[in-house]
Amino acid sequence: MYTRTLLCLLPLICLNGVLSKGRVRKFPPNFLFGASTAAYQIEGGWNEDGKGQSIWDVATHQRPTPIKDGSTGDIAADSYHMYKRDVAMMAELGLDFYRFSISWPRILPNGFADKVNQAGVDYYLNLIEEMEKRNITPFATMYHWDLPQNLQKLGGWTNPHIIDWFADYAKILFDRIGPKVKLWITINEPKQICYEGYGSDAKAPFLNATGIAEYLCAKNVLLAHAKAYRLYNEHYKKIQNGSVGISISCTWYEAASDSNDDFHAAEDARMFDWGQFAHPIFSKAGDFPEQVRRNVASKSAEQGFPRSRLPKLSTKDVATIKGTSDFFGVNTYTTKLAYRDASLDGMYAVPSYMDDMSAVLVKDPTWPQSQSSWLQEVPWGFTKVLKEIKKLYNNPPVYVTENGWSSDGGLLDDDRISYLRHYLGALLDAYSEGCDIRGYTAWSLMDNFEWKSGYTEKFGLYEVDFSSPDRTRTPRKSAFVYKEVIRSRKMDPNYEPNYVVETVEHGTKDDDDNDVF
Ligand code: GBH
C-alpha cells in the first residue's frame, strides 16, 4: 500500500502502472467491425424447403463417420429458423456488418442453374431484411465449402466446367440478392478447398489425391472466382454499386532460425499456403508464385512426369485472373515455424503438396494453445501477414474477414479476450505502418459445427447450447469486450466488463429476445 502510494507520486512510473496492460488505442475513422459465420456451420435445415444435398451433408451422414464426435450439421445452431435471434445478437454487439455465406444447394438444389429454389433465396432475403431493420450491412460469401453433391459427382472443383457452373450460380445471386448486397466474397479460402478437400482428407470430399488434385482445383477456383468477378464488373457494378473480393487464409510462417535455408523454407511455405492464390489475383505479374511453379516443375520432372503437376496458366488465364478483386479478404488465425532439413527427406509422400513445398512446419510450445491443435496465439504473426500483403501486392484494401480463438466451452473466456485484444493491437500496429485495413471480422458470432471436429471446438462470441431444442444463445464475456471496442471505437486493454455468469444465463433462458446488454 505504502509503496504504491509512493510510486504514484512519480508521474511517469505511475502512468506505467496504469498502462500495465498497454495503452488505449483508437481505431481509424470509418473502420468497420463485424462477425462471421458460414452456412453449413450454423444453418441446419439440411433437407428443408427444397434444399439439395451438399458434400458436407454426404460426409456427415457417412458411416463410419469421419466427424470427431459423430455429429452432423443437420440442425447445427438452427439459424435456418433462428435467424431473427442471430440478428438480435448482431445488434446487441453493435456490429457494423455481418459476414455470412450462402448455401449453393439451397439456391440451386442440383448445383446447376436450371432450377432455382425460391424458398432458399427467400431465406437469405429475409435474413438481410432483418439486418436492414437494425442497420447491419450484409457481407455475403457465395461459397464456403458446401458444394452441391451433384457437382461433386462430376469431380467438383477438379472439373474445369465448374468455372461456368460457379459463374451461373453467381449470376443468380447477383440477380436475386445483389440489389441488397454491397459487399461480396466469391470464395472462402481456396487453399483449404483445394488442399484440405482434394489434396488431403481434412475436409469434404476427402479426395486425398495430393500432388495432383489440389493443383487442378487451384486453377479452376481462380478462374471461377475471376469469371464471377468479371460478370459483376461488366453487368452489375454500375447498377448495384458493390465490391467483390475473395477471402484467403493466410497463416504466417516464420523462419525457425536465421539460416538462409530456413528463410527460404518460410517463404516457400507462405507462397504455397496463400501466395498460390494471392499472386495470380493481386500481384503485378500475375500467375502462380515463382517458388510454387519452380518447385512443382522440378519435382515433377525428377519423378518422371511428362509435365509439371501444376497446370499452366496460359497468358490469357493470367490476364483473366489478374486484378479481379476489389479488396483482399484476409482470414488469419495463427503462426507456425518453418525450417528445412535434408535429413528428413522422405518424411512426406511422393508426390505430394508437402513434398513439393519441402518445408517442415512446427508449433512453438511456448505460444498459448487453443482448443484447436493448429491454433496458437501469436499476435506479431498477424502484423507480419498484413505487412507482407502490403509489400507484395502494392497495399490493397484489406478486410480481415476471419480471426478468432477456440475454447472447449464455458462463458468466462478470458483466453479468447486475451487473443482478441492482442490481435486487435497487432492489427493497429500494421495500420500504423501504412497497411490499408478497412475492417475486422471476428470468427465467430456463435458456436457452430467446426467441420471434422464437430462441436468439440467452440469459436463463438455467443455460446450455443446444442442440447436445447431452441439452441439457446448466451453471450460470453468476450462478447461484452468486443461490444465495448465497437461502441468506443477504441481498444482499451484494461476494460473489464461487469459480467456475472448466473445473471446472464438466467436472463437469456427466460426470454430469447432479452437484450442482456
Ligand atoms: C476457417 O479456416 C474457416 O473458414 C472456418 O469455416 C472455420 O470454422 C474456422 O477457420 C476455424 O477453424 O496446421 O495442418 O492442421 C481456417 C483455416 C484451418 C487453416 C486449419 C489451417 C490447419 C492445418 N485453417 N488449418 S494444419
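So, a few notes on the structure that sits alongside this text.

Rules behind the numbers
Residues numbered from 1 in each chain as written. Predicted model: local features only at pLDDT ≥ 70, side-chain atom pairs only at ≥ 80, totals over all residues. Heavy atoms only, no water. Helix = DSSP H or I, 4+ residues; strand = E, 2+ residues; numbered from the N terminus. Buried < 20%, exposed > 50% of the residue type's maximum accessible area, 1.4 Å probe, protein only. Contact = heavy atoms within 4.5 Å. Areas by Shrake-Rupley, 256 points an atom, 1.4 Å probe, with all protein chains shown as cover. Lys, Arg positive; Asp, Glu negative; His and termini not counted. Charge placed at Lys NZ, Arg CZ, Asp CG, Glu CD. Near = heavy atom within 4 Å. Polar contact = N/O pair within 3.5 Å; in protein donor to acceptor, adjacent residues only side chain to side chain. Nonpolar A, V, L, I, M, F, W, Y, C, P; charged D, E, K, R; others polar. Pairing = 2+ DSSP bridges.

The subject of this paragraph is the overall build of the protein chain. Of regular secondary structure, the protein chain possesses 20 helices and 15 strands. Once the C-alpha set of the protein chain is aligned to its principal axes, its extents read approximately 80 × 60 × 50 Å. For the protein chain, the proportion of its 517 residues judged to be buried stands at 59%. Restricting to contacts in the protein chain with at least 6 residues of sequence separation, those with at least 24 account for 76%. Just so you have it, the protein chain exposes about 20600 Å², and 52% of that area is on carbon and sulfur atoms. Charged side chains of the protein chain number 58 positive and 67 negative; the gap between the two group centres comes to 5 Å.

Time to look at the site of the ligand. Close to the ligand lie 16 residues; Gln-41, His-144, Glu-189, Lys-336 and Glu-450 are nearest. Contacts to the ligand include His-144, whose side-chain N or O atom sits 2.9 Å from an oxygen atom. Take Glu-450: an N or O atom from its side chain is 2.5 Å from an oxygen atom of the ligand. Here the residues of the shell around the ligand are counted per class, giving six nonpolar, five polar and five charged.

Across the five residues of strand E3 (residues 97-101), five count as buried, placing the element largely inside the fold. Side-chain alternation along E3 places Phe-97, Arg-99 and Ser-101 on one buried face and Tyr-98 and Phe-100 on a second face that is also buried. With three bridges connecting them, strand E2 (residues 32-36) and E3 associate as parallel partners. Residue pairing across strands places Ser-36 opposite Arg-99, the latter belonging to E3. Here E3 pairs with strand E4 (residues 137-143) via five bridges, running parallel. Across the sheet, the residue bridging to Tyr-98 is Pro-138, located in E4.

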